[in-house]
Amino acid sequence: MVVRRNVIKGARMAAAAAATATSAAAAGTEAKLALGPYSTPWDPADPKIPGRQTVVPVPDDYFMPGRFAGKTALVTGCARGMGRLASIRLAREGANVVAVDWLKDEGQAVVDGIIKEGGKAVFVEGDISETAVCDAMVQAAVDNFGGLDCALNNAGVMDAIFPGDPIDYAKQKDLVMSRIDEASDAYWDVVMRVNATGTFRSLRAELRQMLKQNRGGSIVNVASVAGLRGFGGTPSYVASKHAVNGLTKNAAIDYAPFGIRVNSVCMATTITPMYERAFDLLKQRAQAGYKDSGIGMLKIDSLLEFSSQKQMGSTAAEQVAVMLFLLSPESSNITGANYATDGGFTTY
């Protein structure tokens, strides 16, 4: 009887401890998941539109604890912008992260930061348009974490200037976005190679591993509104992002029977280092006396940019929030979608 009473007492104590731990974890989760209001009023108010509001963006440090616990995620283009933030947030949400970039020092710094926070990550240096690099990044997931569950194919370029090099329009004119009649082979070839061929080769390596594992998975390709409609002066970028959206639909069809979902996200203006660099290039080009018809800039604002008091594009955190939702099991009924994460740009 004494033994039985002790066993029951121990079980009750263990249950109480577990309940306390669960409550504490829940409280911590609730605190981390707390978000602010949907929007805030303009200050000062807009006299032309009474009640005008600015949507409040998701915080840069927002994450959902445990959502990717036990899963391994691969992120290409991890060194800057959306890829950097996605890698960090995936690790904070419990994922083992394989981070890939051709910017060695910046990419390694992202991984070092994840590890310092207590997360698990490895870095793979390389150009995703090379088959050997794509095979190596997937093998790194297998060797370090036992497999691959999801992948964010984020790496991409807008021009043919290496992202690690300083920009100088006068010396790099043949590498910068331009109309078809003015475009060089170098501009066309590099952008298509990285964005279209790189996405294809990334998908091929990832899908081969997921098929081998026979446990499904989720892949998100980063496209653009330039893959949903036309944009003036950027023929290679527009063509390559249409290719990314086409590859997404093709893969969704072929791999649905194997439990593998494939989607893409298509953002408009998003404030990242790549956007800021492109803006600087266009500014230098204008200062050099370049002129065109101007028709390509007839429409530049999304609905939310127009509504924002600062007239700002989206943030990396806003884009990453949708990417991670699509990567997670929460989006179990979504595949083959080219999500317009564009603040309403393509709506109006």
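Structural data are supplied above this passage.
Let me begin by describing the structure that accompanies this report.

Parameters at a glance
Residues numbered from 1 in each chain as written. Predicted model: local features only at pLDDT ≥ 70, side-chain atom pairs only at ≥ 80, totals over all residues. Heavy atoms only, no water. Helix = DSSP H or I, 4+ residues; strand = E, 2+ residues; numbered from the N terminus. Buried < 20%, exposed > 50% of the residue type's maximum accessible area, 1.4 Å probe, protein only. Contact = heavy atoms within 4.5 Å. 1 Å grid on protein atoms, 1.4 Å probe; cavity = no way out; pocket = protein on both sides within 12 Å on 5 of 7 lines; lining within 4 Å. Points joined across faces, edges and corners; volume = space filled by probe spheres on them. Axes fitted to C-alpha atoms, helices over the stretch in contact; angles between N-to-C directions. Parallel < 35°, antiparallel > 145°, perpendicular 65-115°, else oblique. Left-handed = near helix turned anticlockwise from the far one by under 90°. Nonpolar A, V, L, I, M, F, W, Y, C, P; charged D, E, K, R; others polar. Pairing = 2+ DSSP bridges. Patch = residues over 30% accessible without salt bridge, like charges linked within 9 Å, V, L, I, M, F, W, Y side chains within 5 Å. Areas by Shrake-Rupley, 256 points an atom, 1.4 Å probe, with all protein chains shown as cover. Salt bridge = Lys/Arg side-chain N within 4 Å of Asp/Glu carboxyl O.

Concerning the environment of serine 328
- For serine 328, the position within the fold is in the loop between helix 10 (316–327) and strand 11 (338–339).
- You can call serine 328 buried: its relative accessible area is 0%.
- Through-space distance from the C-alpha of serine 328 to that of serine 218 is 7.3 Å; in sequence the pair is 110 residues apart.
- Apart from the residues within four sequence positions on either side, serine 328 is in contact with Arg67, Phe68 and Arg261.

A look at the layout of surface pockets
- Counted as a void, the second largest pocket has a volume near 520 Å³.
- Lining the second largest pocket are 25 residues, with Val55, Pro57, Gly313, Ser314 and Glu318 sitting closest to its centre.
- If you list the elements that add at least two residues to the lining of the second largest pocket, you get strand 2 (53–55), helix 9 (303–307), strand 10 (314–315) and helix 10.
- Looking at the lining of the second largest pocket, the element that brings in the most residues is helix 10, giving four residues.

Notes on empty space enclosed by the protein
- Enumeration over the complete set of coordinates arrives at one cavity of 30 Å³ or more.
- Pro59, Asp60, Tyr62, Leu85, Arg89 and Ala317 are the residues that line the largest cavity.

Quick word on the environment of valine 262
- Within the secondary structure layout, valine 262 lies in strand 8 (residues 260–265).
- You can call valine 262 buried: its relative accessible area is 0%.
- Separated by 119 residues in sequence, valine 262 and aspartate 143 place their C-alpha atoms 24 Å apart.
- Ignoring anything within four residues of it in the chain, the contact list for valine 262 reads Leu203, Ile219, Asn221, Thr248, Ala251, Ala252, Thr335, Gly336 and Ala337.

Details of the packing of helix 2 (residues 81–92) against helix 10
- Between helix 2 and helix 10, the shortest axis-to-axis distance is 9 Å and the interhelical angle comes to 55°. Looking at the two axes, helix 2 sits oblique to helix 10. As helix 2 packs across helix 10, the resulting crossing turns out to be right-handed. Every residue of helix 10 that contacts helix 2 at Gly81, Met82, Leu85, Ala86, Arg89 and Leu90 is listed here: Ala316, Ala317, Gln319, Val320, Ala321, Met323, Leu324 and Leu327.
- Class assignment of the residues belonging to the contact of helix 2 with helix 10 gives a composition of eleven nonpolar, two polar and one charged.

Some words on the pairing of strand 8
- Counting buried positions along strand 8 gives six out of six residues, so the element sits mostly inside the fold.
- Burial along strand 8 is two-sided: Ile260, Val262 and Ser264 and Arg261, Asn263 and Val265, pointing in opposite directions, are all buried.
- As paired elements, strand 7 (residues 217–222) and strand 8 share six bridges and run parallel to each other. Note that in strand 8 the partner of isoleucine 219 across the bridge is valine 262.

Some words on the sheet that holds strand 3 (residues 72–76)
- Taken together, seven strands build an open sheet; the order of strands is 5-4-3-6-7-8-11 and the sheet is parallel. This sheet does not close on itself; its edge strands, each paired only once, are strand 5 (120–125) and strand 11.
- Here five bridges tie strand 3 to strand 4 (residues 96–101), and the two strands are oriented parallel to one another. Paired with threonine 72 across the bridge in strand 4 is asparagine 96.

A look at a nonpolar patch on the surface
- A cluster of nonpolar side chains, namely Val55, Leu303, Leu304 and Tyr348, defines an oily patch on the protein surface of about 420 Å² accessible area.
- Judged by its relative accessible area of 36%, leucine 303 falls in the partly exposed class.

That is the geometry; function is a separate question.
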